[in-house]
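Close look at the chain arrangement
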Amino acid sequence: MKPFLGPLCVVAGSLLSSTAFAHATVAGATPPHAGATFEADFTVSHGCDGADTYRMRVQIPEGVTGVRPVDSVFGKAEVEKDANGNVTAVTWTRPTGEVKAADTHFFHLGLRMKLPAKPFTSVFFPTTQTCRTPAGVETVVEWSNTAGGEHSHDGDAGTAPAENPAPSLYLLPSRLPGWNQYTVQEHVHDLTVFKDALIVWSGSQAYSFNPVTQALIEKEQGVTALTQIHPGTVIWVKY
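Residues numbered from 1 in each chain as written. Predicted model: local features only at pLDDT ≥ 70, side-chain atom pairs only at ≥ 80, totals over all residues. Heavy atoms only, no water.

In the annotation of an unreviewed UniProt entry, the protein is listed under the name YcnI family protein and assigned to Corallococcus macrosporus.

Laid out in structure tokens, this is it:
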């Protein structure tokens, strides 16, 4: 780690984060840290061709444990388990009488769970959305595409949005305020996963999501811009 020079420390200030929403997504009030308990908020932004959403079934991937759903105004939750008692899916179903005549509402569905201890990887939650018309006609949409995830290293990642993407969480390493050292075991090609960090160092390379800080990095003698991180690389990150 190279000691960071004064001007860069001063301008490496607060950063804003944003989340891109698809039709069925998952996020949380806190960052999803690998190995931590996480309260997930699944959102349903609209129904199917004008029909209201009637049922949502979320598959729980292997490695996600301690799953406990939250009943919501959408409807009560039912869990499915395997032979070992692990939750494999959670389904929320609305009472038939509460399904609206048109697609007018935005819904939240909650889960509390423990995430796998695999930082710098994506966890996908394939989701089945069922919509229903007043006449009882149902439409099913599978949000199950795991190709080209938000921070994946697929060859076509970033070139076009995946069709019907599965809700996913990108797992971040645990951290403390100040400097943190990590040995990265997965290829990280999208460094915006560090957008809430002040700066990332790898040898004589550095990165910051803050454009002012990044510009100073590129002007600093003997320092080059960090653009990707290969497996086995030791990095220093300041939060």
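**Looking at the state of the cysteines**
Let me state the cut-off plainly: The criterion for a disulfide is a pair of cysteine sulfur atoms lying within 2.5 Å. Labels follow the DSSP assignment, with helices taken as runs of H or I lasting at least four residues and strands as runs of E lasting at least two, numbered in each case from the N terminus. Working definition: with a 1.4 Å probe on protein chains only, accessible area under 20% of the residue-type maximum means buried, over 50% means exposed, and in between means partly exposed.
Inspection of the entire model under this criterion finds one disulfide. Residue Cys48 pairs covalently with Cys131 via a disulfide, S to S 2.0 Å. Every disulfide takes its handedness from the sign of the S-S torsion; for Cys48 and Cys131 that torsion is 60 degrees, giving right-handed. Here Cys48 is found in the loop between strand 2 (37–44) and strand 3 (52–59), whereas its partner Cys131 is found in strand 9 (residues 127–132), with 83 residues between them in sequence. Each member of the pair, Cys48 as well as Cys131, carries the same accessibility label: buried.

**Quick word on the pairing of strand 6 (residues 87–93)**
What counts is decided by this rule: When DSSP finds two or more bridges between a pair of strands, those strands are recorded as paired.
Counted residue by residue, strand 6 has five buried out of seven residues, so it is predominantly covered. Where strand 3 lies against strand 6, five bridges are found, and the strand directions are antiparallel. Pairing of Met56 across the sheet is with Trp92, part of strand 6. Hairpin connection, strand 5 (residues 76–81) to strand 6: the antiparallel pair is bridged by five residues, and Gly85 has positive phi, about 85 degrees.

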